[in-house]
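# Observations on the model geometry
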Amino acid sequence: MKIVIALALVLILLALAAAGLFMLRRGPDGAAAPKGRMTRALAIRVGVSVAIFLFVLLAHALGWIEPTGIPAGR
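Overview of the structure.

### Thoughts on helix α1 (residues 2–24)
For α1, spanning 23 residues, the distance from its first C-alpha to its last is 33 Å, which sits close to the expected 33 Å at 1.5 Å a residue. Those residues of α1 that fall on the buried side of the exposure criterion are Ala8, Ile12, Ala15 and Ala19. Next to the buried residues of α1 lie α2 (36–61).

### Some words on a nonpolar patch on the surface
Together, Val46, Val50, Phe53, Leu54 and Leu57 line one region of the surface with nonpolar side chains, adding up to about 470 Å² of accessible area. In this fold, Phe53 is placed in helix α2.

### Here we look at the environment of Met1
With respect to the helices, strands and loops of the structure, Met1 is situated in the segment before α1. On the accessibility criterion, Met1 (37% relative accessible area) is partly exposed. Residues Met1 and Ala59 lie 58 residues apart in sequence; the distance between their C-alpha atoms is 8.9 Å. The contact partners of Met1, leaving out residues within four places of it in the chain, are Phe55, Ala59, Trp64 and Ile65.

### Overview of the environment of Val4
Structurally, Val4 can be placed in helix α1. Non-local contacts of Val4, meaning those with residues more than four positions away in its chain, are made with Ile52 and Phe55.

### Side note on α2
End to end, α2 covers 37 Å across 26 residues, agreeing with the expected 38 Å (1.5 Å per residue, within 8%). Listed in full, the buried residues belonging to α2 are Met38, Ala41, Val48, Ile52 and Ala59. Looking at the buried residues of α2, the elements they touch are α1. Trailing α2 by a residue or two, Gly63 shows a phi angle of about 85 degrees, which is positive.

### Re the packing of α1 against α2
Axis separation between α1 and α2 bottoms out at 8 Å; the angle between their running directions is 160 degrees. Considering their axes alone, α1 and α2 lie roughly antiparallel with respect to each other. Read as a crossing pair, α1 and α2 show a hand that is left-handed. Contacts between α1 and α2 pair Val4, Ile5, Ala8, Leu11, Ile12, Ala15, Leu16, Ala18, Ala19, Phe22 and Met23 from the former with Arg37, Met38, Ala41, Leu42, Ile44, Arg45, Val48, Ser49, Ile52, Phe55 and Val56 from the latter. A breakdown of the residues in the contact of α1 with α2 according to their chemical character gives 19 nonpolar, one polar and two charged.

Criteria and thresholds
Residues numbered from 1 in each chain as written. Predicted model: local features only at pLDDT ≥ 70, side-chain atom pairs only at ≥ 80, totals over all residues. Heavy atoms only, no water. Helix = DSSP H or I, 4+ residues; strand = E, 2+ residues; numbered from the N terminus. Expected span 1.5 Å × (residues − 1). Buried < 20%, exposed > 50% of the residue type's maximum accessible area, 1.4 Å probe, protein only. Contact = heavy atoms within 4.5 Å. Patch = residues over 30% accessible without salt bridge, like charges linked within 9 Å, V, L, I, M, F, W, Y side chains within 5 Å. Areas by Shrake-Rupley, 256 points an atom, 1.4 Å probe, with all protein chains shown as cover. Salt bridge = Lys/Arg side-chain N within 4 Å of Asp/Glu carboxyl O. Axes fitted to C-alpha atoms, helices over the stretch in contact; angles between N-to-C directions. Parallel < 35°, antiparallel > 145°, perpendicular 65-115°, else oblique. Left-handed = near helix turned anticlockwise from the far one by under 90°. Nonpolar A, V, L, I, M, F, W, Y, C, P; charged D, E, K, R; others polar.

Here it is in structure tokens:
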């Protein structure tokens, strides 16, 4: 469970770094490069973020994980 979440977070960071790299790159003639690859990288980042959120909700509903932490009222 923890490995899946950690890998998803690494994938999110890699997609964000790739989008930043694509944003800073210039085309061969010095003009701004097409935004298609940057948009795709950001879409992957958003998709993985939504998937990990839904995975955590599903894991909680199936009883794979339980909430812990500071008790309410402190």
